[in-house]
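Structure at a glance
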Amino acid sequence: MAAQEIESGTSWGKELWDQFDNLATHTQKGIDFFERFGNFIRDRSAIEVEYALKLRRLVKNYQPKKSKEDEENEFSSLIAFKNVLKEVADLAGQREVVAENLQNQVLQNIMLLSKILREERKKALNQGAGLTQSLHTQIGTLDRAKRSYEKAFREAEKAIESYHKADADFHLSRADVEKQRVNMNIRNSQSEDAKSEYANQLQITNKQQQQHYQIALPEVFNKLQELDEKRTRGMKEFIKRAADVEYEVSPIIARCLEGMVKAADSINEKDDSMIVIEKYQSGFQPPGDIPFEDLSKSDPDASNNSQTHNSSTGLNHMTGKGTTKDKLKKRVGIFGIFTGNKILEACINVKNNLSTDGLKEDFSDLPPTQRRKKLTAKVQELQQKVAQEQAASDGLMKMKGVYEANSMLGDPRTVEEQLNESVNRLDRLRHELGRYQKLLEQANNQTFIQHSPQSNRVTQNGQRSSRHSNGSSNHENSHEDNGEDHPDDAGSLSRSASESSVQQAQNGLNINNNGSSASPESGLGTSHTSLPGSGQGSTNEQPMNEEYYEAETPLGTCRALYPFDATSEGSIPMSEGEELQVIEVDQGDGWTRVRRFSSKGWEEGFVPTSYIECTLYA
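Description of the structure in this document. (Residues numbered from 1 in each chain as written. Predicted model: local features only at pLDDT ≥ 70, side-chain atom pairs only at ≥ 80, totals over all residues. Heavy atoms only, no water.)

As a further point, take the nonpolar core. Ranked by size, the top nonpolar core spans 37 residues in total, and within it Ile41, Leu102, Ile110, Phe221, Leu224 and Phe238 carry the most contacts. Elements that contribute at least two residues to this core include exactly helix 3 (20–61), helix 5 (76–168) and helix 6 (174–265). Leave out the neighbours within four places in its chain, and Leu102 touches Ile41, Arg44, Ser45, Leu107, Ala242 and Val245. Counting residues in each nonpolar core, the second largest holds 13 residues, with Leu366, Val379, Val386 and Leu440 among its members. (Core = buried A, V, L, I, M, F, W, Y, C linked by side-chain atoms within 4.5 Å. Buried < 20%, exposed > 50% of the residue type's maximum accessible area, 1.4 Å probe, protein only. Helix = DSSP H or I, 4+ residues; strand = E, 2+ residues; numbered from the N terminus. Contact = heavy atoms within 4.5 Å.)

Printed below as a string of structure tokens:
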């Protein structure tokens, strides 16, 4: 096909029949240039790899350090920067893809084609050199035949001339004349033979030369033309392929750039400002106006009070947080009463009252707002742990029931110990959850002092005193001078309330378990709205408080696959894609009890199990 195209178009064999050396040089330069293009692709691939490596190193060097506090309160600018780093890492991956495809799809094919072209060129040049050598050999034979013919012709002419001279000379004998005639005939015969040989060689040479320049050598030149065009065509294809490699990743690169723009658009300076407020807000109010003190009064009590106020105020600025000099003396006296093991016990008690992050377990050393935030996070963490432990306990209960029903499957006593440990852990978690819920409730209901701790000094009956965080004044600390230990009534109240709430939560769960198999059609789906302990069927029903909802922790979450319209008593409607909390799993009747929060408050009811996709806590 290629030969036909060459013959129909411009042909090197026809147009460049006498340019064998130039064509050999041209094809060599073409192949060298083609290999240089391959070196360009190789070096570009190396640059892509190096660029990707440097991009990944850049992402690693600028990756923000992770900390628990930053994870809780991440600024939108930080989140956006992390997303930008992810997109840059993806860009690095795409550059690696470009480098790999350039090597596998372009460079390797260039090297392969270059090797083929060199082999074909060598073969064609050898063939052309062989044809040229054969023609030159034939021309040399023709030249020798011609020189032989010329020599024989000159010798024949001399013999003829000698014979004519001898025949004209009367002094020569007849024998001498005959001798010259015989010599003449021999030379003429040799001349004719040389002439015939020359003519024959000339015919052979002309035929071979015609064959050489019209058929054999054009075929060689056409092969060189074909391989040169193949090299040029390959150059074209590989340049396009290199561009296609880049083009294939351009949509992904464009998406990475779009992701960077999206990350930039996600930055919200107002939200970041609110995060700063939530992170550092103490909950205290700015200090009020400092009252005017008239020093011109002659009242000795007022003068003493004024002096006391001035001295304590000055010391307050020195010690900070409203601690007076007298209070420092009293604290020294308190620590002075500990000796030996008592000091060690006090240190151990202080250590036990601290959490893993160095804060007290009740976070009482934090400002009010930060304390409520920590307590809320702690309550959520404990609720999740309770749900996980409850799921584990339920699984062990089912396993024990299966073993009791069929002893061939296993010994129930092997599960009983694990079940007891799980129940104990669950009780401890519920007790701790109740304690932190009570602390959170107290923190939410607490009335804060209306000024900051930097100036927390108030006036009572004309006297100034320093306030503690628990609201006690200086004169109340007179008990500490005697070394008496008075328990905190608020703490005792908190513990008793926590135990009561945990007991109510357990009762509420028991009531729920007893009626777990009720379906919406039975009318029992809403019986759980009565308070725990009020009794079923009681007329004192009222909406469930938040403590009961917290006691009845969700078993997991679910997502509505289809919309559902509540048509029976005890069921609730839901829309497609809505997220709900799973309160009770399907007991075989095809219904699952769920809960959600709406504008009317918490709502519970049953929905078809086949309409939802559940994700239970582990």
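The next point concerns the pairing of strand 4 (residues 579–584). Taken together, the four bridges between strand 3 (residues 556–560) and strand 4 define a ladder with antiparallel strand orientation. Directly across from Thr557, in strand 4, lies its bridge partner Gln581. When strand 4 meets strand 5 (residues 591–598), the two strands line up antiparallel, connected through three bridges. Among the inter-strand pairings, Gln581 is bridged to a residue of strand 5, identified as Arg595. Hairpin geometry of strand 4 and strand 5 is characterised by an intervening segment of six residues between the two adjacent antiparallel strands and by a positive phi of about 105° at Gly588. (Pairing = 2+ DSSP bridges.)

Another point: the sheet that holds strand 5. On the basis of which strands lie adjacent, the open sheet formed by five strands has the order 6-5-4-3-7 and antiparallel pairing. Across the chains shown, the open sheet's two edge strands, defined by having one partner strand only, are strand 6 (601–608) and strand 7 (612–616). Mean inter-strand twist for the sheet, computed between neighbouring axes without regard to direction, equals 35°. Two strands pair when backbone bridges link them, and strand 3 and strand 7 are joined in this way by five bridges, in the antiparallel orientation. Bridging from a neighbouring strand, Cys558 pairs with Cys614 of strand 7. (Axes fitted to C-alpha atoms, helices over the stretch in contact; angles between N-to-C directions.)

Moving on to a nonpolar patch on the surface. Residues Leu58, Tyr62 and Phe81 make up a contiguous nonpolar surface patch of about 300 Å² in total accessible area. Along the chain, Tyr62 turns up in the loop between helix 3 and helix 4 (68–72). For Tyr62, a relative accessible area of 51% puts it in the exposed group. (Patch = residues over 30% accessible without salt bridge, like charges linked within 9 Å, V, L, I, M, F, W, Y side chains within 5 Å. Areas by Shrake-Rupley, 256 points an atom, 1.4 Å probe, with all protein chains shown as cover. Salt bridge = Lys/Arg side-chain N within 4 Å of Asp/Glu carboxyl O.)

Looking now at the pattern of salt bridges. Counted according to the given criterion, the structure contains 23 salt bridges. The salt bridge involving Glu96 is made with Arg56; its shortest N-O contact spans 3.0 Å. With Glu96 in helix 5 and Arg56 in helix 3, this pair connects stretches of sequence that are 40 residues apart. We classify Arg56 as partly exposed; its relative accessible area is 37%. A salt bridge links Glu120 to Lys230, with the nearest nitrogen and oxygen atoms 3.2 Å apart. Remark: Lys230 occurs in helix 6 and Glu120 occurs in helix 5; sequence separation between them is 110 residues. Overall, the relative accessible area of 31% leaves Glu120 in the partly exposed class.

Tallied over the full model, the rule gives nine aromatic pairs. Aromatic side chains Tyr149 and Phe153 sit 6.2 Å apart centroid to centroid with 40° between the ring planes, which places their arrangement in the tilted category. Linking Tyr149 with Phe153, this pair stays in helix 5, spanning four residues, or about one helical turn. Overall, the relative accessible area of 18% leaves Tyr149 in the buried class. Owing to a relative accessible area of 37%, Phe153 belongs among the partly exposed residues under this scheme. Where Phe597 meets Trp602, the ring centres are 5.2 Å apart and the plane angle is 65°; that geometry is what we call edge-to-face. Connected via pairs of aromatic rings, a cluster forms that spans Tyr562, Phe564, Trp591 and Tyr611. (Phe/Tyr/Trp six-rings, centres within 6.5 Å; stacked < 30°, edge-to-face > 60°.)

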